[in-house]
Amino acid sequence: EPEVTQTPSHQVTQMGQEVILRCVPISNHLYFYWYRQILGQKVEFLVSFYNNEISEKSEIFDDQFSVERPDGSNFTLKIRSTKLEDSAMYFCASSGSTDTQYFGPGTRLTVL
Amino acid sequence: SQKIEQNSEALNIQEGKTATLTCNYTNYSPAYLQWYRQDPGRGPVFLLLIRENEKEKRKERLKVTFDTTLKQSLFHITASQPADSATYLCALDKRDTGRRALTFGSGTRLQVQP
């Protein structure tokens, strides 16, 4: 069964550093998403991406964040200058014709 | 503002019983309500979707109901098993308006005792 994959599974970085989280969505899906979940809190929407542009974003997704689909298979989330409060699990998701969103296993980001 | 609430943080039941989880929402109309399962340290796994104009959906031992008057969905797991122990999340979207972003509840942690 096709699945969303994410790398790395765990990323540790220093405050102020840039990080790039990578995702490979399900191959025939057209919509891509990033969500995050701070430890013990709700899953929160960050951004959705369709047809090579952002279709929706939340107030969390400020100028420090960007997304890119650099080739036909990868979907990335970049955080330009990480803060302590960016520490969270980051989930990539993708959806196709049924609109059901399929989530990846997540990247745990730890900012020191 | 739009809100989703899952009534209990934790629910403990005996194996074989039916687990019933509740999700209430406000200021979403129409709504597409989805239920996900999340295991510790893992991503949410889609289980069922129910539309506001549907009363009930079933999938194997799972059943979801939707009460549009109460703006409430109930999620049932019949003949529960210890393997059903996980956190169950409800989520809403407004895909009819083109908004696919999911808004999640805080989840209910289900523990099924053998």
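Anything mentioned here points back to the structure above.
All values derive from a computational prediction rather than experimental measurement.

A.B. asks: Can you help me understand the side chain of His76 of chain B in this one?
C.D. replies: Residues and elements named next belong to chain B. Position of His76 relative to the elements: it lies in strand β8 (residues 72-77). At 3.0 Å, the side chain of His76 forms a polar contact with the side chain of Thr20. Setting aside anything within four residues of it in sequence, one finds His76 in contact with Thr18, Ala19, Thr20, Arg61, Leu62, Lys63 and Thr65.

A.B. asks: Hey, could you run me through the interface of chain B and chain A in this one?
C.D. replies: Where the parts come together, the accessible area they lose is often given as the size of the interface. With 18 residues of chain B in contact, the opposing surface of chain A contributes 18 residues. Carbon and sulfur atoms make up 52% of the area that chain B and chain A hide from each other, which totals about 1500 Å². Of all the elements in the fold, those that place two or more residues in the side of chain B that touches chain A are β4 (32-38) and β10 (99-104) of chain B. Per-element tally for the side of chain B that touches chain A: the top contributor is β10 of chain B, with 5 residues.

A.B. asks: What exactly am I supposed to notice about the pattern of salt bridges here?
C.D. replies: Residue and element names in this part refer to chain B. Using the criterion set out here, one finds 7 salt bridges over all chains in the structure. For Lys3, the salt bridge is made with Glu5, and the minimal N-O distance between the two is 3.5 Å. According to the relative accessible area criterion, Lys3 is partly exposed, its value standing at 45%.

A.B. asks: Help me understand the sheet that holds strand β7 (residues 65-68) of chain A, please; the structure alone is not making it clear to me.
C.D. replies: Sheets are built from strands that pair by backbone hydrogen bonding, the pairs being arranged parallel or antiparallel. Residues and elements named next belong to chain A. What the 4 strands build is an open sheet, ordered β1-β3-β8-β7; its pairing is antiparallel. Of all strands in the sheet, those bounded by a partner on one side alone are β1 (5-7) and β7. Averaged over all pairs of adjacent strands, the angle between strand axes in this sheet comes to 20°, irrespective of strand direction. The pairing of β7 with strand β8 (residues 75-79) spans 4 bridges and is classified as antiparallel. Among the inter-strand pairings, Val67 is bridged to a residue of β8, identified as Leu77.

A.B. asks: It is not clear to me how the sheet that holds strand β1 (residues 3-6) of chain B should be interpreted in this structure. Could you clarify?
C.D. replies: All names here are of chain B. Spatially, the 5 strands line up as an open sheet ordered β1-β3-β8-β7-β6, and their pairing is antiparallel. Single-partner strands in this sheet number two, and they are β1 and β6 (56-59). Within this sheet the neighbouring strands show an average axis-to-axis angle of 15°, counted without direction. Bridge analysis of strand β3 (residues 19-26) against β8 gives 6 bridges, and the strand direction is antiparallel. Among the inter-strand pairings, Ala19 is bridged to a residue of β8, identified as Ile77.

A.B. asks: How should I be thinking about the packing of aromatic side chains in this particular structure?
C.D. replies: Residue and element names in this part refer to chain B. Applying the stated criterion to the full structure yields 16 aromatic pairs over all chains. With a centroid separation of 4.8 Å and an interplanar angle of 20°, the aromatic rings of Trp35 and Phe75 are classed as stacked. A residue pair is termed long-range when its members are at least 10 positions apart, and Trp35 in strand β4 and Phe75 in strand β8 qualify at 40 residues. Each ring, one from Tyr36 and one from Phe46, has its centre 5.7 Å from the other, and the planes form 75°; the classification is edge-to-face.

What counts as what
Residues numbered from 1 in each chain as written. Chains lettered and ligands numbered in written order. Predicted model: local features only at pLDDT ≥ 70, side-chain atom pairs only at ≥ 80, totals over all residues. Heavy atoms only, no water. Helix = DSSP H or I, 4+ residues; strand = E, 2+ residues; numbered from the N terminus. Polar contact = N/O pair within 3.5 Å; in protein donor to acceptor, adjacent residues only side chain to side chain. Contact = heavy atoms within 4.5 Å. Buried area = accessible area lost by both parts, 1.4 Å probe. Salt bridge = Lys/Arg side-chain N within 4 Å of Asp/Glu carboxyl O. Buried < 20%, exposed > 50% of the residue type's maximum accessible area, 1.4 Å probe, protein only. Pairing = 2+ DSSP bridges. Axes fitted to C-alpha atoms, helices over the stretch in contact; angles between N-to-C directions. Phe/Tyr/Trp six-rings, centres within 6.5 Å; stacked < 30°, edge-to-face > 60°.

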